[in-house]
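Below are the chains, spelled out letter by letter.
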Amino acid sequence: MTRVGFVGTGRMGAPMVRRLLDAGHEVRALGRTTEKCQAVRDLGASPVTEPAAVTEGADAVIVCVFTDEQVRQVCLDDGLVEAMSPGAVLVVHTTGSPRTAQAIAARGVDVVDAPVSGGPHDIAAGRVTLFVGGEDDPVTRVHPLLSTYGDPVLHVGRTGAGQLVKLINNALFAAQIGLVAEGVRLGGLLGISEPALLEALTHGSAGSRALGHITRAGSATAFIDAVGDFIGKDVGVVRETLADLGGDLGALDDVVDAGLRQ
């Protein structure tokens, strides 16, 4: 049994906590309000009301909040990192800048950045993809935890590398959505109904995971409405990160924008 601290028991974090508990691990999770504490209890975990309290006795602390800014707030400003026990590993599932994971690691903490590719249903089934960055030893130590809900768990490089791979993944996914949206526009000009076009294309060489998602949603607009905020956030981080490194999206730029338009 491993003692785990957890921050972010929302849409993605809640099924992670359930999987950890089902695997026999002890979980203490943050709940800042009475209602959130009760939600933590309903999951079977022990609630605490302060970030520092999450770390007490924890071998690993997992953070699964929505934005990069929230990661910095809870880890650096709210005292979580300073309160961690010596030798504990911090796992960050939030998609964000690799510089955030590196800045936290600079405080003397072992950091594993492990953004996810998939949704709550994949986590609940134990098959969400994890792109993992970090040094070999801490990655090895938290692998049994990550593998309770992640499969595959892909170690792609040093701290920050997981974020870079996830950001490239999402840029390509947004571009694929954009290509489908442009195909739908073309089909409309040629008088082909969108449902018929989408269903037909899933059986052709144009097929892709993005096309499959859009087809199940019923239309490109419906799918973009559902995921645009999440993908748009990640693409924004991609652009900021590339700008910091002196690069850009190049030929992907226009087609990515097409995938984010409503």
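Here the structure is a predicted model, which is why all the values come from computation and not from measurement.

Listed in full, the buried residues belonging to helix α2 (residues 34-43) are C37, V40 and L43. Axial view of α2: buried residues confined to an arc of 115 degrees, hence all on one face. Opposite the packed face of α2, turned more than 90 degrees from it, sit the exposed residues T34, E35 and D42. Summarising the contacts, the buried residues of α2 are in contact with α1 (13-22), β2 (26-30) and β3 (46-48).

Attention now goes to the side chain of H93. With respect to the helices and strands, H93 occurs in the loop between β5 (89-92) and α6 (98-105). The exposure class assigned to H93 is buried, which follows from its relative accessible area of 3%. If near-sequence neighbours (up to four positions away) are discounted, H93 is found in contact with M16, I62, V63, C64, A114, P115, V116, L130, L146 and Y149.

Moving on, we get to the pattern of salt bridges. For the structure shown, the criterion picks out eleven salt bridges. A salt bridge links R28 to E56, with the shortest nitrogen-to-oxygen separation between them at 3.1 Å. Remark: E56 occurs in the loop between α3 (51-54) and β4 (60-63) and R28 occurs in strand β2; sequence separation between them is 28 residues. For D78, the salt bridge is made with R32, and the minimal N-O distance between the two is 3.2 Å. Of this pair, D78 sits in the loop between α4 (68-77) and α5 (80-83) while R32 sits in the loop between β2 and α2, placing them 46 residues apart in sequence. The exposure class assigned to D78 is partly exposed, which follows from its relative accessible area of 26%. The exposure class of R32 is partly exposed, given its relative accessible area of 47%. Bridged by salt links that share partners, the residues D110, D137 and R141 form one connected network.

Empty space among the atoms becomes apparent when a probe as large as a water molecule is rolled across them. This structure, assessed with the given rule, holds one cavity of 30 Å³ or more. The calculated volume of the largest cavity comes to roughly 40 Å³. Lining the largest cavity we find D68, V71, V92, S97, T100, A101, I104, D113 and Q163. Looking at which element gives the most residues to the lining of the largest cavity, the answer is α6, with three residues. Grouping the amino acids of the lining of the largest cavity by side-chain chemistry returns four nonpolar, three polar and two charged.

Right, let's talk about α6 for a bit. By the burial criterion, the buried members of α6 are P98, T100, A101 and I104. Burial along α6 is one-sided: seen end-on, the buried residues are contained in an arc of 160 degrees. Contact partners of the buried residues in α6: α4, α5, β5, β6 (110-113), α9 (161-189) and α12 (220-244). Capping the start of α6, S97 holds a side-chain oxygen 3.0 Å from the backbone nitrogen of R99, two or three residues further along.

So, on to the packing of α9 against helix α13 (residues 252-260). Their axes nearest at 6 Å, the elements α9 and α13 cross at an angle of 70 degrees. In terms of orientation, α9 and α13 fall into the roughly perpendicular class. Contacts between α9 and α13 involve A171, L172, A174, A175, I177, G178, L179, A181 and E182 from the first element and L252, V255, V256, A258 and G259 from the second.

This part covers the packing of helix α10 (residues 194-201) against helix α11 (residues 209-217). Packing of α10 against α11 leaves a shortest axis separation of 9 Å and a crossing angle of 145 degrees. Judged by the twist between their axes, the crossing of α10 over α11 is left-handed. From α10, L198, E199 and L201 reach across to α11, where they touch L211, I214 and T215. Per-class residue counts for the contact of α10 with α11 are four nonpolar, one polar and one charged.

The next subject is the layout of surface pockets. Here the largest pocket is characterised by a volume of approximately 1,500 Å³. As for the largest pocket, its lining consists of 48 residues, and the residues nearest its centre are R11, M12, V116, G118 and F230. Here the lining of the largest pocket gets seven residues from one element, more than from any other, and that element is α12. Considering only residue class, the lining of the largest pocket consists of 20 nonpolar, 18 polar and ten charged. If you go around the second largest pocket, the residues you meet are L164, L167, I168, A171, V238, T241, L242, L245, D248, L249 and L252. Those elements giving two or more residues to the lining of the second largest pocket turn out to be α9 and α12. The greatest single-element share of the lining of the second largest pocket, amounting to four residues, is contributed by α9. The residue makeup of the lining of the second largest pocket, split by class, is nine nonpolar, one polar and one charged.

So, how was this worked out
- Residues numbered from 1 in each chain as written.
- Predicted model: local features only at pLDDT ≥ 70, side-chain atom pairs only at ≥ 80, totals over all residues.
- Heavy atoms only, no water.
- Buried < 20%, exposed > 50% of the residue type's maximum accessible area, 1.4 Å probe, protein only.
- Helix = DSSP H or I, 4+ residues; strand = E, 2+ residues; numbered from the N terminus.
- Arc of directions from axis to C-beta.
- Contact = heavy atoms within 4.5 Å.
- Salt bridge = Lys/Arg side-chain N within 4 Å of Asp/Glu carboxyl O.
- 1 Å grid on protein atoms, 1.4 Å probe; cavity = no way out; pocket = protein on both sides within 12 Å on 5 of 7 lines; lining within 4 Å.
- Points joined across faces, edges and corners; volume = space filled by probe spheres on them.
- Nonpolar A, V, L, I, M, F, W, Y, C, P; charged D, E, K, R; others polar.
- Polar contact = N/O pair within 3.5 Å; in protein donor to acceptor, adjacent residues only side chain to side chain.
- Axes fitted to C-alpha atoms, helices over the stretch in contact; angles between N-to-C directions.
- Parallel < 35°, antiparallel > 145°, perpendicular 65-115°, else oblique.
- Left-handed = near helix turned anticlockwise from the far one by under 90°.

That's the geometry; what it means functionally is another story.
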